[in-house]
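Structural overview for review
Each chain is listed here by its residues.
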Amino acid sequence: MPISLLWAVDVHGQVYSLSTAGQQWDQCRNTQMEFKRRWNPVDGFSERLLPSDRWQWSDVTGLQHQPQDGFQLPSSSWEWEGDWFVDENFEGEPTEREGWTYAIDFPANYTKDKKWNSCVRRRRWLRYRVYKAMDTWAKIPSQKTTLPDPFNDISCGGWDISEEPRGRLSLWAVSLQGKVWFREGIYHHNPEGSSWEEVQLPGEVVQISCGPGDLVWAVLWEGQFLVREGIGRDCPKGVSWTVVDSPSPDVGAIHVAVGANVVWAVTKDNKVWFRRGVNSHNPCGSGWIHMVGEMLMVNVGLNDQVWGISSEDRAVYFRQGVTPTELSGKTWKTISVPREGERSHSSASSLPSAGCFFSGEVRAPVASDVSTNPSDLPPDTFKTRIPKVTSDSFISELVSDREPGKFSKESQPPTAPVPEEESVPSEVTLTEVALSPSEPTGAMHSHWSNVDLVERQSLLTQSGLVPECADTCSLSSVVTYTLAMEDPYTNDEHPLWAWISAGACNVDCHSQLNWFNCSLNTSSLAQSVQSMSLSVSPAQTAAWRKQIFEQLNERTKREVDNFRHYEQAVEQSVWVKKGTMQWWRDWKPYKWTDVQFALEQFSGPDGNKDGILFIYYNFYDEKKYLHAFINEVTILVPVLNDSKHTFAVYTPERTKQRWPIRLAAATELEMHDWLALLSVSCCDSRGIHGPPSKQAIWSITCKGDIFVSEPSPALEATPYPTPCDQMFWRQVGGHLRTVECNSVGIVWGIGYDHTAWAYTGGYGGGFLQGLASSTDNIYTQTDVKSVFIYENQRWNPVTGYTSRGLPTDRYMWSDASGLHECTKTNTKPPSPQWTWVSDWAIDYSVSGGTDKEGWQYAADFPASYHGYKTIKDFVRRRRWARKCKLTTTGPWQEIPPISLSDVSILPCAAQTSVEVVPLWAISNKGDVLCRLGVTALTPAGSSWLHVGTDQPFKSVSIGAVSQVWAIARDGSAFYRGAVSSENPAGDSWYHIPSPAKQKLKQVSVGRTSVYAVDENGNLWYRQGVAPSYPQGSFWEHISNNVRKVSVGPLDQVWIIADKVQGSHSLSCGTVCHRLGIQPTEPKGHTWDYGIGGGWDHITIRGNAMDPPRFHLPSLTNSFLSATRSPGPERSTEVNGNATGC
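Residues numbered from 1 in each chain as written. Predicted model: local features only at pLDDT ≥ 70, side-chain atom pairs only at ≥ 80, totals over all residues. Heavy atoms only, no water.

1. So, the overall build of the protein
Note the following rule: By the criteria applied, helices consist of DSSP H or I runs no shorter than four residues and strands consist of E runs no shorter than two, each listed in order from the N terminus. Partly exposed residues are those whose accessible area sits between 20% and 50% of the maximum for their type, while under 20% is buried and over 50% is exposed, using a 1.4 Å probe and protein chains only. In what follows, residue pairs with any heavy atoms lying within 4.5 Å of each other are defined as contacts. Note that accessible areas follow from Shrake-Rupley with a 1.4 Å probe, and for residues the cover is restricted to the protein chains shown.
The number of helices and strands found in the protein is 6 helices and 70 strands. With 1141 residues in all, the protein has 53% of them scored as buried. The contacts of the protein with a sequence gap of at least 6 include a subset with a gap of at least 24, amounting to 60%. Accessible surface computed for the protein: about 53100 Å², of which carbon and sulfur atoms make up 51%.

In structure tokens:
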């Protein structure tokens, strides 16, 4: 079996394959059946058959006549191995009487034993054929029925299709008329395939690219793309095409290259584009990203590494920085491609690519890139040129049919021979670039060879040409084209490359490559260094030192001492970064408007940095602008949008209005660049650098982004606390659903997939790079969440439940509210950063239960649903779920193996002596757990301790004196007794009655206060909690429209509130701070509103700084409320609707 298979198209459009030496292809067995008809009393079984019977010699069906002498080989690349013989095995067991099997009639079930009613018999003849076209270009036989058009492009891949048997390949071809053909039946027993099958198209195709998996893209004449969908094990050629627009609407595409999970494209203006979000579940991707550089073409190899030919200098380029987490790479770098005797070392391993799927050893021949003059070639070499090789034909190595052992300085290496009737012009030479160990130059030069690497080494040993570093691995799987040149290259010229294929070049993304500089002649360098060496005496050295010292003293006196009376000069710098964005207009009609965006940053005389943000727009042909000072920006928030890359800019005034500045970038990369730049500028202006402090306040948006704010000592001051809308928030890399912290610096988070994460002490990650991110303690983080849609149906007296509802009904495919239409096809992931990782499936884990098909029934929309059908149920619904995945980086380390739904850490005082910090959690199954071994040095802890319960729980919180409260899934509250450092799990649960007619969902415990939130959004305070009676006496209502609550170590109360009215709009998910909390008034009296909306979680449990106290007896609470609540949107009711809703 060969170790590689190469495909090519000649100038006449004929397809060839090249199988290299190694092992032989598997034998292919031809089968033929011999039938003999009926037994008769006179002659027994006779060769005389009835006119209605099948052929005497036929295939297994008996319908096709196949005499032994008329059986033809598929092509001239095959030869018979032996003669026909009888198969004496039947279903794995030996037969008797020369392989005959018997039956009562044709067709029927055959047995190896002859019975009294066996009137017919048959036996099978076999003959083996073997593939003989080794180390030579074998022409693929033409279609027997309809001859395809001449081909001009082919692409091979598909060896990694899910569940596809190893050894099966997919070969796609494009004809001159723009048709696409698929080669059927390429596998172990049939390396040349069986037939060409035309694939229907919506247009004319000019180029096609096939990846190792199920990605196939093509380029249309009009410059658009076609994406093949439905490719799988049962249908390797797919089922349909989807049209994808060109990255630039005015410039069409000319080239596309496909890898395992990437798509690269080149447009007519030679610009390079990267397709974002491409995977098996979403082959079309989600958007284009413009990459730096201009290329003639690009090619994707193994591990999604990218190669290209520059349009400027025709050099070969390699894309550096391509990793599984950053598929687009970082920069293009020129490869030093040698020619003739030149070589450069490579750290890439020539691993088996396509060849490994056909078994066999991996061998790397040494080959050189030779640019030849056609007049110097022997006459017989003009008919051995294959001018085009597919750019994705997973080449393991390319060899020719030159006889081994012939080495001549004047001779040139011919390429592999092809049949003479298919000879092609010799002006175009097929070459391979092999980056291999340097070979010594001399009178003898190595050329192309058919022998494998072992034989090659033996020949070089006999000739004395074995290099010293022969064990250096070579890049033997990169194939390139040089342009035809009339004259040979001189020593100063470099080849002009036109095409490259790296389908089998396996580059480790973490290896250090040294292809980028030509190797120096070490001996010449050593001689040069030796020639520059000087013999210096100690006396001369001392004299030089004295002379240099005197000169330095004179220079210091001349340039420094003589100017000390002058004022110190201060360097002041100003720089501006500009760009084009879209801005969500502040007035009606609200719409996206194209604007010019500019950041002007400057450093003052004291060295402090500041800046101004400008937005230039046109209003009725009049140029206007908005501006915001960088030191007034309080937060930069990526906004959840499935079609645009948007982010919001908040200032204190914009926070009060609930109306931020919303901007949209053209690409995700551009948005991340601006966010990183603006974040660094904001931190510089405020002097905030490095990781968050132990007292930091952590919060999470509904998008899963993590933000921290450094609290000031006056944040909890009385009566003049720092307003919440002036707090500065900066983003930390990662993606979480819940976060919890304490003042020791221990921070835990839980993702949407219930994975637990511990904070590592770093900062940055995600899109924050360079100075905005630490270099260590940053890890890859993944998160998976489910997207839900609902299928709704109404009962009909004639047809039963149907998808046709009443005109007033909700959409038959909708979200949970029924107000928005959500179908399987138009529902997208939450944002472009998410990618689908599963298909739609029925979700049976719905509150209220379902029947066996996942349906829930009700009397009408909307109503209370139940999982069984009654006579009064006229509508039903079922929920469909689909998982999507996000991959990012951040200062978080996974804590396996238990999935969690809630976590709580002991809120310590500012000066605490606690070494082992208690940590409680709720597992995804509702179990209560206690983490052991949690310290400041080992925040992840050591092991879990299970705490027994009689029902599943959903929320837990531990207070400052080891008060543990929890909420069960049925909404009831519990208190854990006797929890201490000696007994971290306590001894028993005490049931706490819930508020009347309410089911609690979350609890938070501080130093002495206990707050809880019910399922209707009401906030409750537990009265009567004391050290002697920690269960308290009753619940008191504080506020409504509350989503989450967090109580700090000083009994601070912060919440996430819904429906907060600003001066411009209403916001849901707003950070709010309870004011007026004192030991004598633990409930406080009013709310202060901070950043929002779109927030989902906050924790204040790390802020243990004691606030400064001001004694102002003349100030009353009413005066304080009036000063902090200037507008109607800020309610001053005590224990009423504090969030103003």
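That shown, we press on.
2. What about the sheet that holds strand E43 (residues 756-759)?
As a reminder, the rule being used: DSSP-based pairing: two strands are paired if at least 2 bridges between them are found. Helix axes are fitted to C-alpha atoms over the stretch in contact, other axes to C-alpha atoms as well, and angles between N-to-C directions run from 0 to 180 degrees.
Here we have 4 strands laid out as an open sheet, ordered E41-E42-E43-E51, and antiparallel in their pairing. Whereas interior strands pair on both sides, the edge strands pair on one side only; in this sheet they are strand E41 (738-741) and strand E51 (892-895). Sheet twist, expressed as the mean angle between neighbouring strand axes with direction ignored, is 25°. Strand direction decides the pairing type here: E41 and strand E42 (residues 747-750), joined by 4 bridges, are antiparallel.

3. Re the UniProt feature "domain: Peroxin/Ferlin" (unreviewed entry) in the protein
To be explicit about the condition: UniProt positions are given in the numbering used here, feature names are shortened, and annotations may be inferred rather than shown by experiment.
UniProt tags residues 26-87, 99-132, 782-843 and 854-887 as "domain: Peroxin/Ferlin" (unreviewed entry). With 0% helix and 44% strand, residues 99-132 has end C-alpha atoms that lie 30 Å from one another. As annotated, residues 854-887 comprises 0% helix and 50% strand, and the C-alpha atoms at either end are separated by 31 Å.

4. Quick notes on helix H5 (residues 668-686)
Cut-off, in case you're wondering: Take the number of residues in a helix, subtract one, and multiply by 1.5 Å to get its expected span.
The end-to-end C-alpha separation of H5 is 27 Å, in line with the 27 Å expected for 19 residues at 1.5 Å each. With its phi angle positive at about 70°, glycine 687 sits one or two positions after the end of H5.

5. Let's talk about the packing of aromatic side chains
To keep it simple, the criterion reads: Between 30 and 60 degrees the pair is tilted, below 30 it is stacked and above 60 it is edge-to-face, where a pair is any two Phe, Tyr or Trp rings, Trp via its six-membered ring, whose centres lie within 6.5 Å.
Inspection of the entire model under this criterion finds 36 aromatic pairs. Note on phenylalanine 597 and tryptophan 674: the rings are 4.7 Å apart at their centroids and 85° apart in plane angle, and the pair reads as edge-to-face. Residue phenylalanine 597 is found in strand E32 (residues 592-603), and its partner tryptophan 674 is found in helix H5; the two are separated by 77 residues along the sequence. A single burial state applies to phenylalanine 597 and to tryptophan 674, both of which are buried. Ring centres 5.3 Å apart and planes at 70° place the aromatic pair tryptophan 698 and tyrosine 759 in the edge-to-face group. Remark: tyrosine 759 occurs in strand E43 and tryptophan 698 occurs in strand E38 (residues 697-701); sequence separation between them is 61 residues. By relative accessible area, tryptophan 698 is classed as buried at 2%. Overall, the relative accessible area of 9% leaves tyrosine 759 in the buried class. Following the ring pairs from residue to residue traces out a cluster consisting of Trp583, Trp587, Tyr617, Phe619 and Tyr620.

6. Concerning the nonpolar core
Stated precisely, the cut-off is as follows: In plain words, nonpolar cores are sets of buried Ala, Val, Leu, Ile, Met, Phe, Trp, Tyr and Cys residues tied together by side-chain atoms within 4.5 Å.
By size, the foremost hydrophobic cluster in this structure holds 33 residues, and its most contacted members are Trp748, Leu900, Trp920, Phe953 and Trp989. Counting only elements with at least two residues in this core, the list comes to E42, E43, strand E52 (900-905), strand E53 (919-923), strand E54 (928-932), strand E55 (943-947), strand E56 (953-958) and strand E57 (964-968). Excluding residues within four positions of it along the chain, tryptophan 989 makes contact with Trp920, Val928, Val947, Gly948, Thr949, Phe953, Val964, Ala966, Phe974, Tyr975 and Arg976. Counting residues in each nonpolar core, the second largest holds 29 residues, with Val595, Leu599, Tyr617 and Ile630 among its members.

7. So, the pattern of salt bridges
A side chain of one charge can pair with a side chain of the opposite charge when the charged atoms of the two come close. Rules: By definition, a salt bridge exists where a carboxyl oxygen of Asp or Glu is found within 4 Å of a side-chain nitrogen of Lys or Arg.
Counted under the stated rule, the structure contains 15 salt bridges. Its salt-bridge partner being arginine 794, residue aspartate 809 comes within 2.5 Å of it at the nearest N-O pair. Separated by 15 residues along the polypeptide, aspartate 809 in the loop between strand E45 (800-802) and strand E46 (813-814) and arginine 794 in strand E44 (residues 779-796) bring together distant segments of the chain. Side by side, aspartate 809 and arginine 794 carry an identical accessibility label, which is buried. Across the pair aspartate 1096 and arginine 1043 runs a salt bridge whose closest N-O atoms are separated by 3.3 Å. Of the two residues, aspartate 1096 is situated in strand E70 (residues 1095-1099) and arginine 1043 in strand E64 (residues 1042-1047); the sequence distance between them amounts to 53 residues. Arginine 1043 shares its class with aspartate 1096; the two are buried. Taken together, the shared-partner salt bridges connect Arg794, Asp809 and Asp860 into one network.

8. What to know about the side chain of histidine 255
Note the following rule: Pairs of N or O atoms within 3.5 Å make up the polar contacts considered here, provided that, within protein, one atom can donate a hydrogen while the other can accept it, and that residues adjacent in sequence are counted only when both atoms are side-chain atoms.
If you trace the backbone, histidine 255 turns up in strand E20 (residues 253-258). Reaching out from histidine 255, the side chain makes a polar contact with the backbone oxygen of valine 298 at a distance of 2.8 Å. Non-local contacts of histidine 255, meaning those with residues more than four positions away in its chain, are made with Gln207, Val219, Phe225, Trp264, Ala265, Val266, Met297 and Val298.

9. Here we look at the environment of proline 1108
Tracing the backbone through its elements, the reader meets proline 1108 in the loop between E70 and helix H6 (1117-1124). Taking the C-alpha atoms as reference points, proline 1108 and proline 719, 389 residues apart in sequence, are found 9.8 Å from one another. Ignoring sequence-local partners within four residues, the contact set of proline 1108 consists of Pro713, Ala714, Ala717 and Thr718.

10. Digging into the sheet that holds strand E59 (residues 988-992)
An order of E56-E57-E58-E59 is seen for the 4 strands of this open sheet, with the pairing classed as antiparallel. The two strands at the open ends of the sheet, each matched to only one other strand, are E56 and E59. The sheet shows a mean angle of 25° between the axes of neighbouring strands, taken without regard to direction. Bridging between strand E58 (residues 973-977) and E59 involves 5 bridges; their strand directions are antiparallel. The partner of tyrosine 975 across the bridge, within E59, is tyrosine 990.

11. Brief notes about unusual backbone geometry
Proline 896 connects to proline 897 through a cis peptide bond whose omega is 0°. At the junction of glycine 1092 and glycine 1093, the peptide bond is cis and its omega measures out at 0° in the coordinates. If you trace the backbone, glycine 1093 turns up in the loop between strand E69 (1086-1089) and E70. Unusually for a residue other than glycine, asparagine 777 sits at a positive phi of about 60°. Here asparagine 777 lies in the loop between E43 and E44. Even without glycine at this site, lysine 997 takes up a positive phi of about 60°. Within the secondary structure, lysine 997 sits in the loop between E59 and strand E60 (1000-1005). The exposure class assigned to lysine 997 is exposed, which follows from its relative accessible area of 84%.

12. A few points about a nonpolar patch on the surface
Selection rule: Exposure above 30% relative accessible area and the lack of any salt bridge qualify a residue for a patch; like charges then connect within 9 Å, and the nonpolar side chains Val, Leu, Ile, Met, Phe, Trp and Tyr within 5 Å.
Among the surface-exposed residues, Trp544, Ile548 and Leu552 lie close enough to one another that they form a single nonpolar patch of about 330 Å² accessible area. Using a relative accessible area of 47% as the deciding quantity, one classes tryptophan 544 as partly exposed.

13. Things to note about the state of the cysteines
To keep things clear, this is the line we draw: Note on terminology: disulfide denotes any pair of cysteine sulfur atoms within 2.5 Å.
Following the criterion strictly, the structure yields 0 disulfides and no others. Cysteine cysteine 210 remains unbridged, with the sulfur of cysteine 156 as its closest cysteine sulfur at 6.9 Å.

14. Observations concerning the confidence of the model for the protein
The condition that has to hold: Each residue carries a pLDDT value, the predictor's own confidence for that position, ranging from 0 to 100.
Per-residue pLDDT for the protein averages 76, and the proportion of residues at 70 or more is 73%. Within the model, the stretch residues 341-477 combines pLDDT values under 50 with 343 contacts to residues more than four positions away or in other chains. Note on residues 1112-1141: pLDDT under 50 across the span, and 64 contacts to partners over four residues away in sequence or across chains.

15. Quick notes on the environment of threonine 651
Tracing the backbone shows threonine 651 in the loop between strand E36 (645-650) and helix H4 (652-657). Linking threonine 651 and glutamine 726, residues 75 residues apart in sequence, is a C-alpha distance of 7.7 Å. Residues in contact with threonine 651, not counting those within four places in the same chain, are Ala628, Glu632, Val633 and Thr634.

16. Here we look at the pairing of E57
E57 sits mainly inside the fold: 5 of its 5 residues count as buried. Of the two faces of E57, the one lined by Val964, Ala966 and Ala968 and the one lined by Trp965 and Ile967 are each fully buried. Bridging between E56 and E57 involves 5 bridges; their strand directions are antiparallel. Looking across to E57, one finds that phenylalanine 953 is bridged to alanine 968. Pairing geometry for E57 and E58, over 4 bridges, is antiparallel. Bridging across to E58, tryptophan 965 finds its partner in tyrosine 975. Between E57 and E58, which pair antiparallel one after the other, the connecting turn spans 4 residues, and glycine 971 there sits at a positive phi close to 90°.

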